[in-house]
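# Summary of structural features
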Amino acid sequence: MIIKSADFICSNTQISKLPPPVKPEYAFIGRSNVGKSSLINMLVAKKGLAKTSQTPGKTQLINHFLVNDNWYIVDLPGYGYARASKTKKADWNKFIQQYLDKRESLQCVMVLIDSRLDPQKIDIEFCNWLGEKGLSFVLVFTKADKQSTLKTDQSVAKFKKSLLETFDEVPQIFVTSAELHAGRDEILGFIGGINQSFEIPDYKTFE
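In this report, the structure presented in the accompanying data block is examined. Here the structure is a predicted model, which means the values were calculated and not measured. By convention here, each chain's residues receive numbers from 1 onward along its written sequence. For a predicted model such as this one, the threshold for reporting local features is a pLDDT of at least 70, and the threshold for listing and counting side-chain atom pairs is 80 or more; totals across whole chains, interfaces and linings nevertheless cover every residue. For side-chain calculations, the full set of non-hydrogen atoms in the structure is used, while hydrogens and water are omitted.

Further remarks concern the pattern of salt bridges. Salt bridge, as applied in this entry: a Lys or Arg side-chain nitrogen positioned within 4 Å of an Asp or Glu carboxyl oxygen. Taken as a whole and assessed by the stated rule, the structure comprises eight salt bridges. In this structure, lysine 36 engages aspartate 75 in a salt bridge whose closest nitrogen and oxygen atoms are separated by 2.4 Å. Of the two residues, lysine 36 is situated in helix α1 (residues 36-44) and aspartate 75 in strand β4 (residues 71-75); the sequence distance between them amounts to 39 residues. A 1.4 Å probe rolled over the protein chains alone gives each residue an accessible area, and that area as a share of the maximum for its type sets the label: buried under 20%, exposed over 50%, partly exposed in between. With relative accessibility at 2%, the residue aspartate 75 sits in the buried group. Salt-bridge contacts for lysine 146 lead to aspartate 145; the nearest nitrogen and oxygen are separated by 3.8 Å. What makes lysine 146 partly exposed here is its relative accessible area of 49%. A run of H or I in DSSP counts as a helix once it spans at least four residues, and a run of E counts as a strand once it spans at least two, with each numbered from the N terminus.

Our focus in this paragraph is unusual backbone geometry. Notably, asparagine 68 is not glycine yet its phi reads approximately 55°, a positive angle. Structurally, asparagine 68 is set in the loop between β3 (62-67) and β4. The partly exposed category is assigned to asparagine 68, whose relative accessible area is 22%. For aspartate 69, which is not glycine, the phi torsion reads 55° and is therefore positive. By secondary structure assignment, the location of aspartate 69 is in the loop between β3 and β4.

Of all six residues in strand β6 (residues 137-142), six are buried, a share of seventy percent or more. Of the two faces of β6, both are covered, the one formed by Phe137, Leu139 and Phe141 as well as the one formed by Val138, Val140 and Thr142. Seen with its strands pointing away from the viewer, a crossover is right-handed if its path from the first strand over the helix to the second goes clockwise. Regarding the hand of the β-α-β motif, the stretch spanning strand β5 (residues 106-114), helix α3 (residues 121-133) and β6 is right-handed. Between any two strands, pairing holds if DSSP finds at least two bridges. In this sheet, strand β7 (residues 173-175) lies alongside β6 in parallel orientation, the contact comprising three bridges. Bridged to valine 140 within β7 is phenylalanine 174. You can see the chain leave β6, run along helix α4 (residues 149-163) and come back into β7, and the turn it takes is right-handed.

The subject of this paragraph is the nonpolar core. The set of buried Ala, Val, Leu, Ile, Met, Phe, Trp, Tyr and Cys residues whose side-chain atoms join them within 4.5 Å is what this entry labels a nonpolar core. By size, the foremost hydrophobic cluster in this structure holds 31 residues, and its most contacted members are Tyr99, Leu100 and Val111. Where this core is concerned, the elements lending two or more residues are β2 (25-30), β3, β4, α2 (86-102), β5, α3, β6 and α4. Throughout, a residue-residue contact means that at least one pair of heavy atoms, one from each residue, lies within 4.5 Å. In contact with valine 111, not counting residues within four places along its chain, are Ile29, Tyr79, Phe126, Cys127, Leu130, Phe137, Val138, Leu139 and Val140. One finds Met42, Phe65, Val140 and Phe190 within the second-largest nonpolar core, a separate group that totals 26 residues.

Centres within 6.5 Å are what make two rings of Phe, Tyr or Trp a pair, Trp counting through its six-membered ring; a difference in plane orientation under 30 degrees is then read as stacked, over 60 as edge-to-face, and the rest as tilted. Tallied over the full model, the rule gives seven aromatic pairs. On the numbers, 5.7 Å between centres and 85° between planes, the contact of tyrosine 26 with tryptophan 71 is edge-to-face. Taken together, the positions of tyrosine 26 in strand β2 and tryptophan 71 in strand β4 put the pair 45 residues apart, joining distant regions of the chain. Relative to phenylalanine 126, the ring of tyrosine 79 lies with its centre 5.0 Å away and its plane at 40°, an arrangement referred to as tilted. Pair noted here: tyrosine 79 is in the loop between β4 and α2 and phenylalanine 126 is in helix α3, with a separation of 47 residues, a long-range link. Using a relative accessible area of 9% as the deciding quantity, one classes tyrosine 79 as buried. Look at phenylalanine 126 and you get buried, because its relative accessible area is 12%. A connected cluster of aromatic rings, assembled from ring pairs, spans Tyr79, Phe126 and Trp129.

It is worth spelling out the sheet that holds β6 at this point. Taken together, the seven strands give an open sheet; going across it, the order is β1-β3-β4-β2-β5-β6-β7, and neighbouring strands pair in mixed fashion. Both edges of this open sheet fall to β1 (6-12) and β7, since each of them pairs with a single strand only. This sheet shows a mean twist of 25° between the axes of neighbouring strands, independent of strand direction. Each axis is a line fitted through C-alpha atoms, taken for helices only over the stretch in contact, and angles between the N-to-C directions span 0 to 180 degrees. Contacting β2, β5 and β6, α3 crosses the sheet at an angle of about 165° to β5.

This is the structure we're talking about:
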């Protein structure tokens, strides 16, 4: 897939104000500081589209970016940032889960995992929640340039082993590096394949 355009469309905390679900959407989500903004910017080859920050938990909105006037990257708030208040966390969780569970045009959830870490309980729990809801997702391991290929392979293997305790099979896996542009063609090819069979869903507006 050749990226010709990528534009910020809107930020929201209300499901009712999202763009009409008439184009395929791919939600990017992971623990705070997993490298989500850098990955999004790398995929669309546009520095600064998604705002990167040294402060984990900066993204607190659902951000829609329109790519090639044809499909959306949806940048969701990171989960697991300890300094957010319980009330704010509960609000975030509610509207993130409502978006993921109710959004008719959502094609796949891209779950970002830091390739340098052992399996994190919060990541496994989130994958299990997606599985319980029957939502399609893939695993995107980030920051692979920060360590050897062997260590990344070991991290991926450990995560797969943890998931297989609750899943019959592991979803598709992508290993990426925003610095080296690793995994870019694979992810864009995956998205392009799904886009080809996308049909506009019947939908209703949410209040």
